[in-house]
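Descriptive structure summary
These are the residues of each chain, in order.
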Amino acid sequence: MVRNTSFFTLLFLIVFSTPGCDSVDQTQRPSNPILLVSIDGFMNEYLDRNETPNFDRFIQNGTKAEYLIPVFPTKTFPTHWTIATGLYTENHGIITNSFYDYELDARFSYGPQEGPNDERWWGGEPIWVTAEKQGKTAATFFWPGSEASINGVRPTKWMDYDGSVPDSVRIDSVMTWLDPVGDVQADFSTLYFSFVDSRGHAFGPNSPEVDEAVREMDDLLGHLLNQTEAVGLRESLNIILVSDHGMAELSEDKIIFLEDIIDLNDVDVIDWTPVAMLRPKEGKTEEVYRALKEHEENYSVFLKDEMPERFRFSNHYRIPEIIMMADMSYTITSRPFFEQRGIIAATHGYDNMEPEMRTFFAAGGPDFKQGVVVDPFESVHIYELMAYLLRLEPASNDGDPEELLHLLRR
Ligand code: AMP
Ligand code: ZN
Ligand code: ZN
């Protein structure tokens, strides 16, 4: 028995100390830099109906997902923070774009005002903090949450959000940061572009205006790829293009007026549409929930504790007692708001498994397979993928470290 044990111990040591085997300390191997690019509100079908030579070239030389599954709710801040941290919404706490936290007694809102730079909002550890803490250099040119310090750590370079900064300036700046003989020599960088999403909201996903935005984005990608070549990064830079959610057309015939169903004095409305997050006043939960359940048409209503597990949207104190989710293309609003403002052409935020909310992922560079289309996957795994590529020890997160290894050449 003793002999067998020591034989297996010896075998174990030989196998697991062999170079190239999985137990090799990944953090010791040299890594290629990553540029993570978000194209807000970008849908896969946009590529099918437009001439996009630069996307085509990028995808032919890299790996594309059939589609990317965002987290719930499919709004910009929760979805981007999941990509950065590998956490589901209930574990990172950015429950929507704008919300009130009754414990902090403060409002999180993504405009330039108070709030988001305060690190108390942001649960989890974003990849740029993981990188900085382990001796790598991160440089972000916009990403939701990148303006806040997390546990006292910030990217070496970061920018306060300013949507008016021209997109080509963003690209050129990031290229100087990534330049292998430049001052920064970033190992990890981000870019963020909002205009495809804005055009989608204003004109709808099937509009000529969105098509024009997609062709503009293709030109920008062309510029990015040329610059990558110009600074000598073509062979070494891994570029990950992602989007955060899709876009769905709205209709004036598909309106749910909340005050027709419940007394608005009985609740605080944390967010309105397409997912109304309702915080009932003291003792009102039962009554409000019953009324919503009785009229449950063109939406689904859940008590926080009964929210189906797949949404990963129960276990956070910021999530209020009642969640009312509009069916696709429906808007939840109030009569005065609707009379004053009407509705916009399109939006997102719906159930993350709805086809309209599916989004985009493609990656290229030395570590990615070429010319491959892989099955859809959840955005929660991208953090682990980036940590692996950068040879970082990942922080605790909800992603599976094995889930995306099939995208890599290895
Ligand atoms: P949404 O309202 O979900 O469509 O969010 C998209 C908008 O979020 C963009 O048009 C920007 O105005 C805004 N945004 C994106 N990133 C940031 C950021 N880092 N800080 C503040 N606002 C941002
Ligand atoms: Zn977005
Ligand atoms: Zn949007």
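Residues numbered from 1 in each chain as written. Chains lettered and ligands numbered in written order. Predicted model: local features only at pLDDT ≥ 70, side-chain atom pairs only at ≥ 80, totals over all residues. Heavy atoms only, no water.

Read from one edge of the open sheet, four strands run E11-E12-E14-E13, paired in antiparallel fashion. Both outer strands of the open sheet, strand E11 (267-271) and strand E13 (299-303), are each paired with one neighbouring strand and no more. Sheet twist, expressed as the average angle between the axes of neighbouring strands with direction ignored, equals 25°. Direction of pairing for E13 relative to strand E14 (residues 322-326): antiparallel, over a ladder of five bridges. Of the residues in E14, the one forming a bridge with Val-301 is Met-324. Contacts between helix H10 (residues 285-294) and the sheet are confined to E11, strand E12 (275-280), E13 and E14, with E13 contributing the most and set at about 155° to the helix. (Pairing = 2+ DSSP bridges. Helix = DSSP H or I, 4+ residues; strand = E, 2+ residues; numbered from the N terminus. Axes fitted to C-alpha atoms, helices over the stretch in contact; angles between N-to-C directions. Contact = heavy atoms within 4.5 Å.)

Right, let's talk about unusual backbone geometry for a bit. The step from Phe-72 to Pro-73 runs through a cis peptide bond, and the omega angle for that step is -10°. By the secondary structure assignment, Pro-73 is in the loop between strand E3 (68-69) and helix H4 (76-85). Each neighbour pair has its own omega, and for Thr-273 with Pro-274 the value is 0°, a cis peptide bond. Inspection of the secondary structure puts Pro-274 in the loop between E11 and E12. Non-glycine residue Asn-151 carries a positive phi angle of around 50°. Assignment of secondary structure puts Asn-151 in the loop between strand E6 (138-141) and helix H7 (167-178). In this model, Gln-185 sits at a positive phi of 50°, which is unusual for a non-glycine residue. Looking at where Gln-185 falls in the secondary structure, it is placed in the loop between H7 and strand E7 (188-193). By relative accessible area, Gln-185 is classed as partly exposed at 41%. (Buried < 20%, exposed > 50% of the residue type's maximum accessible area, 1.4 Å probe, protein only.)

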